[in-house]
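Structural features, examined
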Amino acid sequence: MLIDVHAHWGPWFFSMDVASIGVNRDGMDRFGIDLQLVSAIEAIVYDAPAGNRSLAEQLPADPRLRGMLVVDPRRLDAARADLDELLAGEGRSRWVGAKIHSEYSRTPISTPAMQAAIELTTEYGLPTLVHTWGDTVVDLADVAARVPGARVLAGHMGASGWPRVPEAADRSDRIWFEPCWSAPEANRIRWVLDRIGPDRLMFGTDATLIDPSVALGAFEAAELTPAEHEAIMHLNAQALFGI
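Right, let's walk through the structure included here. As the structure is a prediction and not an experimental result, all values here were calculated from the model.

Before going further, it helps to examine the nonpolar core. One finds Ile-118, Leu-140, Phe-177, Leu-201 and Phe-219 to be the most contacted residues of the largest nonpolar core, which totals 65 residues. With six residues, helix α7 (residues 136-146) is the single largest residue contributor to this core. Beyond its immediate stretch of four places on either side in the chain, Ile-118 contacts Ile-100, Val-130, Leu-140, Val-143, Val-147, Ala-150 and Val-152. The next biggest cluster of nonpolar side chains, apart from the first, holds 13 residues, and it includes Leu-35, Leu-37, Val-96 and Leu-240.

Let's shift gears to the pattern of salt bridges. For the coordinates displayed, the defined rule picks out 17 salt bridges. Across the pair Asp-211 and Arg-30 runs a salt bridge whose closest N-O atoms are separated by 2.9 Å. Of this pair, Asp-211 sits in the loop between α9 (188-196) and α10 (212-221) while Arg-30 sits in helix α1 (residues 21-31), placing them 181 residues apart in sequence. Arg-30 sits in the partly exposed class, given a relative accessible area of 46%. Residue Arg-53 is joined to Glu-85 by a salt bridge in which the shortest nitrogen-to-oxygen separation is 2.8 Å. Of this pair, Arg-53 sits in helix α3 (residues 48-58) while Glu-85 sits in helix α4 (residues 76-86), and the two are 32 residues apart along the sequence. Accessibility expressed as a relative area gives 26% for Arg-53, which makes it partly exposed.

Residue alternation in strand β5 (residues 128-131) divides its side chains into two sets, Thr-128 and Val-130 and Leu-129 and His-131, and both sets are buried. A crossover links strand β4 (residues 95-100) with its parallel partner β5, the connecting element being helix α6 (residues 112-123), and its sense is right-handed. Taken together, the four bridges between β5 and strand β6 (residues 152-155) define a ladder with parallel strand orientation. Paired with Leu-129 across the strands is Leu-153, a residue of β6.

This part covers the sheet that holds strand β2 (residues 35-40). Strand order in the open sheet formed by seven strands is β1-β2-β3-β4-β5-β6-β7, and the pairing between neighbours is parallel. Since the sheet does not close on itself, it has two edges, and those belong to β1 (3-9) and β7 (175-178), each with one partner. Ignoring strand direction, the axes of neighbouring strands in this sheet form an average angle of 30 degrees. Across the face of the sheet, helix α11 (residues 226-241) comes into contact with β1, β2, β3 (65-70), β4, β6 and β7 while running at roughly 70 degrees to β1.

The subject of this paragraph is the packing of α3 against α4. Remark: α3 packs on α4, axes separated minimally by 10 Å, with the N-to-C direction vectors making an angle of 15 degrees. Overall, the two elements α3 and α4 adopt an arrangement that is roughly parallel. Where α3 crosses over α4, the two elements pack in a sense that is right-handed. Contacts between α3 and α4 involve Ala-48, Pro-49, Asn-52, Arg-53 and Ala-56 from the first element and Ala-78, Ala-81, Asp-82, Glu-85 and Leu-86 from the second.

Definitions and limits used
- Residues numbered from 1 in each chain as written.
- Predicted model: local features only at pLDDT ≥ 70, side-chain atom pairs only at ≥ 80, totals over all residues.
- Heavy atoms only, no water.
- Core = buried A, V, L, I, M, F, W, Y, C linked by side-chain atoms within 4.5 Å.
- Buried < 20%, exposed > 50% of the residue type's maximum accessible area, 1.4 Å probe, protein only.
- Helix = DSSP H or I, 4+ residues; strand = E, 2+ residues; numbered from the N terminus.
- Contact = heavy atoms within 4.5 Å.
- Salt bridge = Lys/Arg side-chain N within 4 Å of Asp/Glu carboxyl O.
- Right-handed = clockwise from strand over helix to strand, strands pointing away.
- Pairing = 2+ DSSP bridges.
- Axes fitted to C-alpha atoms, helices over the stretch in contact; angles between N-to-C directions.
- Parallel < 35°, antiparallel > 145°, perpendicular 65-115°, else oblique.
- Left-handed = near helix turned anticlockwise from the far one by under 90°.

Right, here's the structure in full:
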């Protein structure tokens, strides 16, 4: 089984034809992705409530899709309204987590506003995927340690900050890591695995921005053992997101 925990739907502001939900479906078909957790680009870049509702209309298009509700730390009242509305009834089975982009929301991970956002998603029982880059992967671990019950997933595994992942893992046992990156450095996944083990690493692609083949190739290069492969490709995600 293959679960992609970091994907997107909708048009980017780049000159790229990635607006249709068909792009997500094509990627899942080509690479055998059984479940894909998606957040709306409109919600991340422009307007969180509008984008979340646009994605809600798209999720029924394919049973392999699950929603990641975008929270803007600058608009927590609107985020609470989204959580109340979209998680009601059958929505709770479709929306399995939250997504916060620290850069597009102009909210550094170390700030009180980010902690308040993660407190909110934790209140609603949602694991939260947070965009991390550089040293912010450690900042996210510190937030997880401060917020009782928080469960956070470091998107991009800090990207260029990946050598700090073992330190982040030591600071909190409620942070997981997802290493998709458009410019991956060689051997980083194997290096991290040898230091923290496979139980807190997950597979993600950053589709539709990046073709899933990039992430799959990076894990292939890591020469995973069968147990590592099973944990990273689906077991860890199933346990964290309840899917």
